[in-house]
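Residues per chain are reported as follows:
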Amino acid sequence: MEIASCTLCPRRCGAFRDDTTPGGVCGQPALPVVARAALHHWEEPCLSGTAGSGAVFFSGCSLRCVFCQNGTISREGVGQTVSIPRLRAIFRELIGQGAHNIDLVTPTHFTAALREALMEPLGVPVVWNSGGYERVETLRSLEGLVQVYLPDMKYASP
(Lines give C-alpha, C1' and ligand atoms only; values in the text may rest on other atoms or scores of the structure.)
Protein backbone atom coordinates (compact mmCIF):
# COMPACT_ATOMS: atom_id res chain seq x y z
CA MET A 1 0.00 0.00 0.00
CA GLU A 2 1.27 3.46 -0.80
CA ILE A 3 0.01 6.99 -0.24
CA ALA A 4 1.98 9.25 -2.56
CA SER A 5 0.72 12.54 -1.14
CA CYS A 6 -1.36 12.18 2.03
CA THR A 7 -4.49 14.32 2.35
CA LEU A 8 -6.54 12.09 4.68
CA CYS A 9 -6.72 14.57 7.57
CA PRO A 10 -7.39 18.34 7.46
CA ARG A 11 -3.66 19.08 7.68
CA ARG A 12 -3.23 17.68 4.12
CA CYS A 13 0.52 17.44 4.72
CA GLY A 14 1.21 15.70 1.40
CA ALA A 15 3.57 13.16 3.00
CA PHE A 16 4.72 10.05 1.20
CA ARG A 17 3.69 6.96 3.19
CA ASP A 18 4.20 3.35 2.16
CA ASP A 19 3.99 0.06 4.09
CA THR A 20 7.00 0.84 6.26
CA THR A 21 7.85 4.53 5.72
CA PRO A 22 6.36 6.71 8.44
CA GLY A 23 5.61 10.23 7.39
CA GLY A 24 3.55 13.32 7.80
CA VAL A 25 2.06 14.93 10.85
CA CYS A 26 0.72 11.58 12.10
CA GLY A 27 4.18 10.01 11.82
CA GLN A 28 2.85 6.69 10.52
CA PRO A 29 3.26 4.42 7.50
CA ALA A 30 0.32 3.60 5.21
CA LEU A 31 -0.35 0.19 6.77
CA PRO A 32 -2.08 0.32 10.16
CA VAL A 33 0.00 0.32 13.32
CA VAL A 34 -2.04 -1.27 16.10
CA ALA A 35 -1.09 -0.34 19.66
CA ARG A 36 -3.80 -2.41 21.35
CA ALA A 37 -6.77 -4.54 20.36
CA ALA A 38 -9.01 -5.83 23.14
CA LEU A 39 -12.50 -5.83 24.55
CA HIS A 40 -13.06 -2.41 26.08
CA HIS A 41 -15.64 -2.32 28.87
CA TRP A 42 -15.29 1.40 29.66
CA GLU A 43 -16.37 2.99 26.41
CA GLU A 44 -19.72 4.81 26.31
CA PRO A 45 -22.23 2.34 27.87
CA CYS A 46 -24.30 2.08 24.69
CA LEU A 47 -21.15 0.83 22.90
CA SER A 48 -19.65 -1.32 25.66
CA GLY A 49 -22.89 -3.09 26.44
CA THR A 50 -22.39 -6.20 28.55
CA ALA A 51 -19.47 -7.84 26.72
CA GLY A 52 -17.44 -4.81 25.66
CA SER A 53 -16.56 -2.91 22.55
CA GLY A 54 -13.91 -4.44 20.27
CA ALA A 55 -11.49 -1.53 20.55
CA VAL A 56 -8.57 -1.27 18.16
CA PHE A 57 -6.24 1.55 19.18
CA PHE A 58 -4.15 2.88 16.29
CA SER A 59 -0.76 4.55 16.74
CA GLY A 60 -0.19 8.13 15.65
CA CYS A 61 -2.51 11.11 15.44
CA SER A 62 -2.68 14.27 13.36
CA LEU A 63 -4.41 16.30 16.06
CA ARG A 64 -1.31 16.38 18.33
CA CYS A 65 -3.07 17.47 21.55
CA VAL A 66 -0.58 18.37 24.29
CA PHE A 67 -2.94 16.88 26.88
CA CYS A 68 -3.44 13.51 25.16
CA GLN A 69 -4.16 10.70 27.61
CA ASN A 70 -2.71 8.20 25.12
CA GLY A 71 0.52 10.10 24.38
CA THR A 72 2.64 6.96 24.10
CA ILE A 73 0.32 5.68 21.40
CA SER A 74 -0.40 8.96 19.62
CA ARG A 75 3.10 10.48 19.66
CA GLU A 76 5.64 7.71 20.23
CA GLY A 77 4.38 5.25 17.62
CA VAL A 78 3.96 2.37 20.04
CA GLY A 79 2.42 -0.60 18.27
CA GLN A 80 2.88 -3.15 15.56
CA THR A 81 2.36 -2.70 11.83
CA VAL A 82 -0.26 -5.15 10.58
CA SER A 83 -1.31 -6.23 7.12
CA ILE A 84 -4.88 -5.74 5.97
CA PRO A 85 -5.65 -9.49 6.23
CA ARG A 86 -4.24 -9.50 9.78
CA LEU A 87 -6.37 -6.47 10.66
CA ARG A 88 -9.48 -8.30 9.43
CA ALA A 89 -8.44 -11.28 11.57
CA ILE A 90 -8.12 -9.00 14.61
CA PHE A 91 -11.66 -7.74 13.99
CA ARG A 92 -12.93 -11.34 13.76
CA GLU A 93 -11.05 -12.35 16.92
CA LEU A 94 -12.68 -9.50 18.88
CA ILE A 95 -16.11 -10.42 17.53
CA GLY A 96 -15.40 -14.04 18.53
CA GLN A 97 -14.71 -12.81 22.07
CA GLY A 98 -18.17 -11.23 22.15
CA ALA A 99 -17.51 -7.64 21.02
CA HIS A 100 -20.73 -5.75 20.35
CA ASN A 101 -18.96 -3.65 17.71
CA ILE A 102 -15.55 -2.86 16.28
CA ASP A 103 -14.36 0.44 17.77
CA LEU A 104 -11.64 2.04 15.62
CA VAL A 105 -9.79 4.46 17.91
CA THR A 106 -7.87 7.30 16.20
CA PRO A 107 -8.22 5.73 12.75
CA THR A 108 -8.16 8.70 10.34
CA HIS A 109 -4.57 8.41 9.10
CA PHE A 110 -5.21 4.73 8.22
CA THR A 111 -8.45 5.37 6.29
CA ALA A 112 -7.18 3.88 3.02
CA ALA A 113 -6.24 0.57 4.67
CA LEU A 114 -9.38 0.53 6.80
CA ARG A 115 -11.63 1.00 3.76
CA GLU A 116 -10.06 -2.12 2.29
CA ALA A 117 -10.28 -4.06 5.57
CA LEU A 118 -13.96 -3.18 5.98
CA MET A 119 -15.08 -4.15 2.46
CA GLU A 120 -16.05 -7.56 3.84
CA PRO A 121 -19.02 -7.04 6.23
CA LEU A 122 -18.30 -7.91 9.86
CA GLY A 123 -21.81 -8.56 11.16
CA VAL A 124 -21.44 -5.97 13.95
CA PRO A 125 -21.46 -2.16 13.78
CA VAL A 126 -18.20 -0.34 13.10
CA VAL A 127 -17.46 2.74 15.25
CA TRP A 128 -15.23 5.56 13.96
CA ASN A 129 -13.88 6.87 17.28
CA SER A 130 -11.82 9.95 16.47
CA GLY A 131 -10.77 13.33 17.79
CA GLY A 132 -13.29 14.86 15.40
CA TYR A 133 -10.55 16.42 13.28
CA GLU A 134 -11.68 15.05 9.93
CA ARG A 135 -12.08 15.98 6.29
CA VAL A 136 -15.59 15.59 4.93
CA GLU A 137 -14.16 13.82 1.86
CA THR A 138 -12.42 11.26 4.07
CA LEU A 139 -15.60 10.56 6.02
CA ARG A 140 -17.66 10.30 2.83
CA SER A 141 -15.26 7.64 1.55
CA LEU A 142 -16.43 5.45 4.46
CA GLU A 143 -20.14 5.55 3.61
CA GLY A 144 -21.65 2.10 4.03
CA LEU A 145 -18.59 0.82 5.92
CA VAL A 146 -18.95 2.70 9.22
CA GLN A 147 -22.22 2.78 11.14
CA VAL A 148 -21.38 4.96 14.18
CA TYR A 149 -19.27 8.12 14.36
CA LEU A 150 -17.98 8.99 17.83
CA PRO A 151 -16.02 12.25 17.72
CA ASP A 152 -14.35 13.37 20.95
CA MET A 153 -14.60 17.13 20.86
CA LYS A 154 -11.20 18.51 21.85
CA TYR A 155 -11.31 22.21 20.94
CA ALA A 156 -14.01 24.77 20.23
CA SER A 157 -13.96 28.36 19.12
CA PRO A 158 -16.34 30.79 20.84
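How each quantity is defined
- Residues numbered from 1 in each chain as written.
- Predicted model: local features only at pLDDT ≥ 70, side-chain atom pairs only at ≥ 80, totals over all residues.
- Heavy atoms only, no water.
- Helix = DSSP H or I, 4+ residues; strand = E, 2+ residues; numbered from the N terminus.
- Buried < 20%, exposed > 50% of the residue type's maximum accessible area, 1.4 Å probe, protein only.
- Contact = heavy atoms within 4.5 Å.
- Pairing = 2+ DSSP bridges.
- Right-handed = clockwise from strand over helix to strand, strands pointing away.

J.: Could you give an account of unusual backbone geometry, naming the residues involved and the relevant values?
T.: Trans is the common state for peptide bonds, and a negative phi is the common state for residues other than glycine. Here the phi dihedral of Arg12 falls at roughly 40°; this positive angle occurs in a residue that is not glycine. With respect to the helices and strands, the residue Arg12 is situated in the loop between strand E1 (2-3) and strand E2 (17-18). Notably, Thr106 is not glycine yet its phi reads approximately 55°, a positive angle. With respect to the helices, strands and loops of the structure, Thr106 is situated in the loop between strand E6 (102-105) and helix H4 (111-117).

J.: I'd like a description of the environment of Pro10, backed by residues and values.
T.: Along the chain, Pro10 falls in the loop between E1 and E2. The exposure class assigned to Pro10 is partly exposed, which follows from its relative accessible area of 25%. Along the chain, Pro10 and Arg135 lie 125 residues apart, while their C-alpha atoms are 5.4 Å from each other. Setting aside chain neighbours within four positions, we find Pro10 in contact with Tyr133, Glu134 and Arg135.

J.: Any chance you could break down the pairing of strand E7 (residues 126-130) for me, citing the residues and the numbers?
T.: With 5 of its 5 residues buried, E7 lies for the most part within the structure. Note that E6 and E7 share 4 bridges and pair parallel. Considered in E7, the bridge of Ile102 is made with Val126. Taken together, E6, H4 and E7 constitute a β-α-β crossover, and its handedness is right-handed.

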